[in-house]
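Survey of secondary and tertiary structure
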Amino acid sequence: MTITRRVFLRNSALAVVGTAAVPSFLARAAWGAAEPATGHKRLVVIFQRGAADGLNIVVPHAETQYYAMRPSISIPRRDVLDLDGFFGLHPSLAPFQPLWQQRHLAIVHAAGSPDPNRSHFDAQDFMESGTPGVKSTDDGWLNRSLHSLQHASPKSPFEAIAMGPAIPRILGGIEPAIAMNNISDFSVGGRNPKASPAANTFEAMYDHSLDTVLHGTGEETFDAVKMLKAADPSKYKPATGANYPRGRFGDSMRQLAQLIKANLGVQVAFADIGGWDHHVNEGATEGQIANVLRDFSQSLAAFWTDLGDLGEDTVVVTMSEFGRTVRENGNRGTDHGHANVMFVLGGPVKGGKVYGRWPGLDQSQLYEGRDLALTTDFRQVLGETVARHMGNKNLNEVFPGYENQPGKFLRYLG
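Residues numbered from 1 in each chain as written. Predicted model: local features only at pLDDT ≥ 70, side-chain atom pairs only at ≥ 80, totals over all residues. Heavy atoms only, no water.

**Observations concerning the overall build of the protein chain**
On a plain count of helices and strands, the protein chain comes out with 13 helices and 14 strands. Buried residues in the protein chain amount to 58% of all 414 residues. For the protein chain, the share of sequence-separated contacts (at least 6 apart) that also reach a separation of at least 24 residues comes to 71%. Within the structure as shown, the protein chain displays about 16600 Å² of accessible surface, and the carbon and sulfur contribution to it stands at 48%. (Helix = DSSP H or I, 4+ residues; strand = E, 2+ residues; numbered from the N terminus. Buried < 20%, exposed > 50% of the residue type's maximum accessible area, 1.4 Å probe, protein only. Contact = heavy atoms within 4.5 Å. Areas by Shrake-Rupley, 256 points an atom, 1.4 Å probe, with all protein chains shown as cover.)

Structure (C-alpha cells):
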C-alpha cells in the first residue's frame, strides 16, 4: 500500500498532510491497517547456543551403538516419537510432531561446520560469519544475504531484526539491522533520556539518510516511527492455539511474530536460545535437555501457529555451533563433539523427511573416534534457503570460499 502523505505527531494526535512520500510501513501504522501482506519472503534463523546434543534431539533409535554408548542418558525406544523407523524425536519435541506430519518440518542430520574447533566462542563465530576457520571475516552471512535482494522502496528499517540487546555477529555488516529486547520498551530518538541501545542503533541508521526515508526532518521521522507503537504492542494477542511458553525464547518468538504480522517489511530475523552445554547430568526423557527442548519446541510451534498464512512465505532454520560426543562421559553428560542436527520449518519446505547422509555410529565411522561425522556442511543447508527462498543467487558472496552450487542442494524446498 503506497500513500503520498507525510506523517507527523501533533498534540498527541496523528495528522496526515503534505505530499512527501511516506513508506508504506509507516502509512500502515498510522492508519491502523490490520491485514498483513503476503508474498514477502522471510528467513528466520535460530541459534542454539552451547552445542546442542543432536543425538538426543533427533534420536537414531535403530542404531544399536547409540544405546551401547549412552547407558544412562539415551532416550528409550518406547519413549522416542518415531519419524521413519530409524530416527525419532525426543519426547519433549512433541509440538514438532504435527509439523512433521503436515510436512512443514524437515530435518538435516549429521550437519554442521566442517571446522574441527571445539571452542564455543570460535565455533559460534565461524557459523555466524559463514566462514569456518577464518577469523578475519568482518560481517555475518545473514547480513550478506540481504545484498542483491529486491528491496522495498523506500527500504524498511525493520528489514533485519535481532531479538536481543545488541546486533549479533550474524547480522553485523553494511546492511542496517535493529536489535531489541522488548517491543514495548523499544524507544526511538535521541530526545528520550531512557533511549535503549536499540534506539541509538535505530537513530544512527537514519542519521545520514533522513531525506531518502521520509523526505523530511529527523523530528518527523522519529515521531512517525514512534507512531508505529500507536497500536499499543501490549494489546497484541497471539492467534488461537499459539501458546508461547514463558521465558526469554518464548518472548522473543512471540514478539518476532508480532513484528512480522504488523507488516513492517521484516525479511531476515534472528533469535537465540542458550542452555545446551550439558557436560553434567544431561538427563534423558527428563532433566536438563528435556526442559530446554520443551521450551524450544513449544516456542517454535507457537510461532508457526501464530504466523498463520504468513508461514507460507517464511522459512525457519535452526543451528548450533557443534554437537556432542557419542559416548556419555563419567558425569552422565556429553562433551564437545562435531556434527549435529538442523531443523528447517516453513511453508515452502518439503518436510516429513530426514535429509543428508547418515554416517553411522560404529566406532570405525566416528569422527576422530568419538563424534558423529559430518556429512552435510551447514552452508549447504543455508545456501539453499538464501538462493531458492530469498532469491539471492550470489552465494559466493554470502558464503565466500565455499562452492555452494544448486546441484549440491538437498532439495528440501518445494
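There's more to say after this.
**Observations regarding helix 5 (residues 120-129)**
Burial analysis of helix 5 places eight of its ten residues in the buried class, which makes it a mostly covered element. Residues of helix 5 that are buried include every one of Asp122, Ala123, Gln124, Asp125, Phe126, Met127, Glu128 and Ser129, and no others. In this structure, the buried residues of helix 5 make contact with strand 3 (42-48), helix 6 (141-144), strand 10 (268-273), strand 11 (314-320) and helix 12 (378-389). Just beyond helix 5, the residue with positive phi is Gly130, at close to 75°.

**Quick notes on the pattern of salt bridges**
Under the counting rule described, the total for this entry stands at 17 salt bridges. Across the pair Asp53 and Arg70 runs a salt bridge whose closest N-O atoms are separated by 2.7 Å. Here Asp53, found in the loop between strand 3 and helix 2 (54-57), pairs with Arg70, found in the loop between helix 3 (64-69) and strand 5 (81-82); they are 17 residues apart in sequence, far enough to count as distant. Residues Asp53 and Arg70 agree in their burial class; the two are buried. A salt bridge links Asp277 to Arg324; the shortest N-O distance between them is 2.8 Å. Placement of the pair is Asp277 in the loop between strand 10 and helix 11 (288-307) and Arg324 in the loop between strand 11 and strand 12 (340-346), with a sequence separation of 47 residues. Here the salt bridges do not stand alone but share partners, grouping Arg49, Glu128, Arg248 and Asp272 into one network. (Salt bridge = Lys/Arg side-chain N within 4 Å of Asp/Glu carboxyl O.)

**Some points on the sheet that holds strand 5**
Pairing in this open sheet of three strands is antiparallel, and the strands run 4-6-5 from one edge to the other. In this open sheet, the two strands that pair with only one neighbour each are strand 4 (58-59) and strand 5. Bridge count for strand 5 against strand 6 (residues 88-89) is two bridges, and the pairing is antiparallel. In the strand pairing of strand 6, Leu81 is matched with Leu89. (Pairing = 2+ DSSP bridges.)

**Thoughts on the nonpolar core**
The biggest cluster of nonpolar side chains holds 66 residues, and the ones touching the most others in it are Ile46, Ile57, Phe296, Phe303 and Phe343. Considering each element in turn, this core owes the most residues, nine residues, to helix 11. Excluding anything up to four places from it in sequence, Phe296 contacts Ile46, Gln48, Leu93, Phe96, Phe249, Ile273, Trp276, Thr318 and Phe343. Phe47, Phe378, Leu410 and Leu413 belong to the second largest nonpolar core, which has 40 residues in total. (Core = buried A, V, L, I, M, F, W, Y, C linked by side-chain atoms within 4.5 Å.)

**Side note on the confidence of the model for the protein chain**
Confidence in the prediction of the protein chain, expressed as mean pLDDT, is 83, and 77% of residues score 70 or more. Here residues 188-196 scores under 50 on pLDDT; set against residues more than four positions off or in separate chains, the count is 19 contacts. Predicted confidence for residues 198-203 stays below pLDDT 50, and this span has 19 contacts to residues more than four positions away or in other chains. (pLDDT = per-residue confidence, 0-100.)

**Describing the packing of helix 10 (residues 248-261) against helix 11**
Helix-helix packing is described using two parameters, namely the angle between the two axes and the distance between the axes. Between helix 10 and helix 11, the least distance of the axes is 9 Å, while the angle of their chain directions is 15°. Taken together, the axes of helix 10 and helix 11 are roughly parallel relative to one another. Every pair of crossing elements has a handedness; the one defined by helix 10 and helix 11 is right-handed. Residues Phe249, Gly250, Met253, Leu256, Ala257, Ile260 and Lys261 of helix 10 pack against Asp295, Phe296, Ser299, Leu300, Phe303, Asp306 and Leu307 of helix 11. (Axes fitted to C-alpha atoms, helices over the stretch in contact; angles between N-to-C directions. Parallel < 35°, antiparallel > 145°, perpendicular 65-115°, else oblique. Left-handed = near helix turned anticlockwise from the far one by under 90°.)

**A closer look at the pairing of strand 8 (residues 160-163)**
Residues Ala160 and Ala162 line one face of strand 8 and the alternating positions Ile161 and Met163 line the opposite face, and both faces are buried. Inspection of the sheet shows strand 8 paired to strand 10 by three bridges, in the parallel sense. The residue of strand 10 that forms the bridge with Ile161 is Ala269. Where strand 8 lies against strand 9 (residues 178-180), three bridges are found, and the strand directions are parallel. By the bridge assignment, Ile161 is partnered in strand 9 with Ile178.

**What to know about the pairing of strand 10**
Extensive coverage of strand 10 is indicated by the burial of six of its six residues. Residues Val268, Phe270 and Asp272 of strand 10 are buried on one face, and the alternating residues Ala269, Ala271 and Ile273, pointing to the opposite face, are buried as well. With six bridges joining them, strand 3 and strand 10 adopt parallel strand pairing. Its bridge partner lying in strand 10, Val44 is registered against Ala269.

**Quick notes on the environment of Gly401**
Within the secondary structure layout, Gly401 lies in the segment after helix 13 (395-398). The exposure class assigned to Gly401 is exposed, which follows from its relative accessible area of 86%. Separated by 267 residues in the primary sequence, Gly401 and Val134 place their C-alpha atoms 9.8 Å from one another.

**Observations regarding unusual backbone geometry**
Here Ala110, not a glycine, exhibits a phi torsion of approximately 55°, which is positive. Overall, Ala110 belongs to the buried group, its relative accessible area being 0%. With a phi angle near 50°, Asn281 is a residue other than glycine that sits in the positive phi range. Along the chain, Asn281 falls in the loop between strand 10 and helix 11.

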